Amino acid sequence: MPDLSETTSHLSPLMRVMQFAARKGSRNLLRDFGEVEHLQVSRKGPADFVSRADKKAEEVIIENLGRDRPGYSFLAEESGEITGSDKTHRFIIDPLDGTTNFLHGIPHFAISIALEREIDGNPKELVAGVIYNPITDEMFFAEKGKGAYLNDGTRGGADRRLRPSKRDIFQDSLFATGIPFLGRPGHAKFLKELHQVMGHSSGVRRMGSAALDLAWTAAGRYDGFWERGLATWDIAAGILIAQEAGLIVESLSGGDVLDTGDIIVANEALMPQLKQRVE
Ligand code: 2AM
Ligand code: CA
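For clarity, every value in this text was computed on a predicted model and none was experimentally measured. (Residues numbered from 1 in each chain as written. Chains lettered and ligands numbered in written order. Predicted model: local features only at pLDDT ≥ 70, side-chain atom pairs only at ≥ 80, totals over all residues. Heavy atoms only, no water.)

Quick look at the coordination of the calcium ion (ligand 2)
Heads up, the rule is: Each metal's donors are the N, O and S atoms within 2.8 Å of it, or within 3.2 Å when it is Na, K or Ca, and because water is not part of the set, sites may look incomplete.
Protein coordination at the calcium ion (ligand 2): the donors are Asp 94 (OD), Asp 97 (OD) and Asp 234 (OD), at 2.0 to 2.2 Å from the metal. Positions of the donor residues of the calcium ion (ligand 2), expressed as sequence spacing, correspond to D-x2-D-x136-D.

With respect to the packing of aromatic side chains
Basically, it comes down to this: Geometry of aromatic contacts follows a simple scheme: Phe, Tyr and Trp rings, the Trp one being its six-membered ring, pair when their centres are within 6.5 Å, and the pair is stacked under 30 degrees between planes, edge-to-face over 60, tilted otherwise. Residue exposure (1.4 Å probe, protein chains only): buried if accessible area is under 20% of the type maximum, exposed if over 50%, otherwise partly exposed. When the NZ atom of lysine or the CZ atom of arginine is within 6 Å of a ring's centre and also within 35 degrees of its normal, the charge is said to sit over that ring.
By the definition in use, this model includes nine aromatic pairs. Summarising the aromatic geometry, the rings of Phe 102 and Phe 109 are spaced 4.9 Å apart at their centres and angled 75° between planes, so their arrangement reads as edge-to-face. Comparing Phe 102 with Phe 109, the two get one shared label, buried. Among the aromatic side chains, those forming a connected cluster through ring pairs are Phe 33, Phe 102 and Phe 109. Arg 277 extends its terminal NZ or CZ atom over the ring of Phe 170, reaching a point 4.1 Å from the ring centre.

Quick notes on the site of ligand 1
In plain terms, the rule: The near set for a molecule or strand comprises every residue that places at least one heavy atom within 4 Å of it. In protein, a polar contact requires one atom able to donate a hydrogen and another able to accept it; more generally it is a pair of N or O atoms within 3.5 Å, and residues adjacent in sequence count only if both atoms are side-chain atoms. Surface accessibility follows the Shrake-Rupley procedure with a 1.4 Å probe radius. Residue values consider only the protein chains on display as shielding. Helix numbering and strand numbering both begin at the N terminus, where a helix is a DSSP run of H or I of at least 4 residues and a strand a DSSP run of E of at least 2. Just so you know the grouping, Ala, Val, Leu, Ile, Met, Phe, Trp, Tyr, Cys and Pro go in nonpolar, Asp, Glu, Lys and Arg go in charged, and all remaining residues, Gly too, go in polar.
Neighbouring residues of ligand 1: 14 residues in total, closest Asp 97, Gly 98, Thr 99, Phe 181 and Glu 227. Contact between ligand 1 and Asp 94: an oxygen atom at 3.4 Å from a side-chain N or O atom of the residue. With respect to ligand 1, the side chain of Asp 234 contributes an N or O atom lying 3.5 Å from an oxygen atom. Isolated, ligand 1 exposes 480 Å² of accessible area, and the fraction of that covered by the protein chains is 78%. With three residues, strand 3 (residues 86–97) is the single largest residue contributor to the shell around ligand 1. Counted by class, the shell around ligand 1 contains four nonpolar, four polar and six charged residues.

Some thoughts on the pattern of salt bridges
For clarity, the threshold we go by: The salt bridge criterion pairs a side-chain nitrogen of Lys or Arg with a carboxyl oxygen of Asp or Glu, the two atoms within 4 Å.
For the structure on display, the rule yields eleven salt bridges. The closest approach of N and O atoms between Lys 189 and Glu 193, which form a salt bridge, is 3.3 Å. With Lys 189 and Glu 193 both in helix 4 (residues 187–200) and four residues apart, the pair spans about one turn of that helix. A relative accessible area of 37% places Lys 189 in the partly exposed class. Here Glu 193 falls in the buried class, since its relative accessible area comes to 3%. Through salt bridges with shared partners, a single ionic network connects Glu 81, Arg 90 and Glu 116.

Comments concerning the pairing of strand 11 (residues 224–227)
Quick note on the threshold: For two strands to pair, DSSP has to find at least two bridges joining them.
Judged by which residues are buried, strand 11 turns out to be covered on both faces: Gly 224 and Trp 226 on one side and Phe 225 and Glu 227 on the other are all buried. Looking at chain direction, strand 9 (residues 174–177) and strand 11 are connected through three bridges and run parallel. Paired with Phe 175 across the strands is Gly 224, a residue of strand 11. Where strand 11 meets strand 13 (residues 263–266), four bridges bridge the pair, whose relative direction is antiparallel. Residue pairing across strands places Phe 225 opposite Val 265, the latter belonging to strand 13.

Observations concerning the domain arrangement of the protein chain
We apply this condition: Note: domain ranges come from an automatic or database domain assignment. The term buried area denotes the loss of accessible surface (1.4 Å probe radius) that occurs when two parts are joined, taken as the sum for both partners.
Examined at the domain level, the protein chain breaks down into domain 1 (7–161) and domain 2 (170–270). Distance between the C-alpha centres of domain 1 and domain 2: 20 Å. Here domain 1 and domain 2 share an interface that buries about 2,100 Å² over both sides, 68% of which is from carbon and sulfur atoms. Glu 138 serves as the salt-bridge partner of Arg 221, at 2.7 Å between the closest nitrogen and oxygen. Where domain 1 meets domain 2, there are eight residue pairs in polar contact (both at pLDDT 80 or more). If you list the elements that add at least two residues to the side of domain 1 that touches domain 2, you get strand 1 (72–76), strand 3, strand 4 (110–117), strand 5 (125–133), strand 6 (138–143) and strand 7 (147–151).

A closer look at the sheet that holds strand 1
This is how it is decided: Contact criterion: two residues are considered in contact whenever any of their non-hydrogen atoms come within 4.5 Å of each other. Orientation is described by lines fitted to C-alpha atoms, with helices fitted over the stretch in contact, and by angles between N-to-C directions that extend from 0 to 180 degrees.
The sheet built from eight strands is open, its strands ordered 2-1-3-4-5-6-7-8 with mixed pairing. Strands with a single pairing partner mark the edges of an open sheet, and in this sheet they are strand 2 (80–82) and strand 8 (160–161). Pairing analysis gives six bridges linking strand 5 to strand 6, with the strands arranged antiparallel. Each residue of the ladder has a partner; that of Asn 133, found in strand 6, is Glu 138. Along the sheet, helix 6 (residues 232–245) contacts strand 1, strand 3, strand 4, strand 5, strand 6, strand 7 and strand 8; its crossing angle with strand 5, the most-contacted strand, is approximately 100°.

Right under this line is the structure:
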């Protein structure tokens, strides 16, 4: 269980608020994840239970953020759009990214929180993001212009600057992706892309949490990531973390990546090589 009293005084007030909310929400998820194991064997299965766990975590996160930043608006997976008195600031929340993993007792899921800001009528921009994996206690985070970091509680609790991999040879590179969900178009296209990337790279992983895929790419564990049809809350925090680490983030279908949810991420050298195989 994370110790919420840990000193985080080196962080900006906003980052402290966001990380605190993520850790608070994660307590509920961890407790419920422990129960999932028992429920696997019940006839009804854990699906209903998990959707309640999801909602509960979201409530806790919204409650904490709302207390520290009153008036801010929200876009959250379960609650949808909540317009506050301040329409220029909006938290974008995924209380449980990797729901299918959680449901099956697979310890690979995360809480994702981003803050979007609109100033003087300029287009909205992502100004802060956190992705927290409560199982590994890894907190990935970034603020606009300040770089991206990982705190996993080791090395005296110091933040480690995130840097993407420097690989530039496609054959040596490892990529992450997501498979289009049941009922969505694009399976044939995806299989073609997968074939192209698999055949020429070091491999492809499909772990089931887009937020963690982005965080891991920012950390240089993957050399790139692509997926289509994602929701704003799946990728908002991850986009900023990847960009602040030094990666290129683009939409696979033109327009704004947050709006389209069709995302491709890689370093400068690999981006054209990956694009060529998935566009
Ligand atoms: P979720 O776990 O919050 O649903 C996996 O490829 C990624 O796609 C996850 O980040 C997952 O988020 C997201 N996703 C969005 N819509 C989904 C759906 N209908 N079914 C499964 N995963 C979905
Ligand atoms: Ca999600």
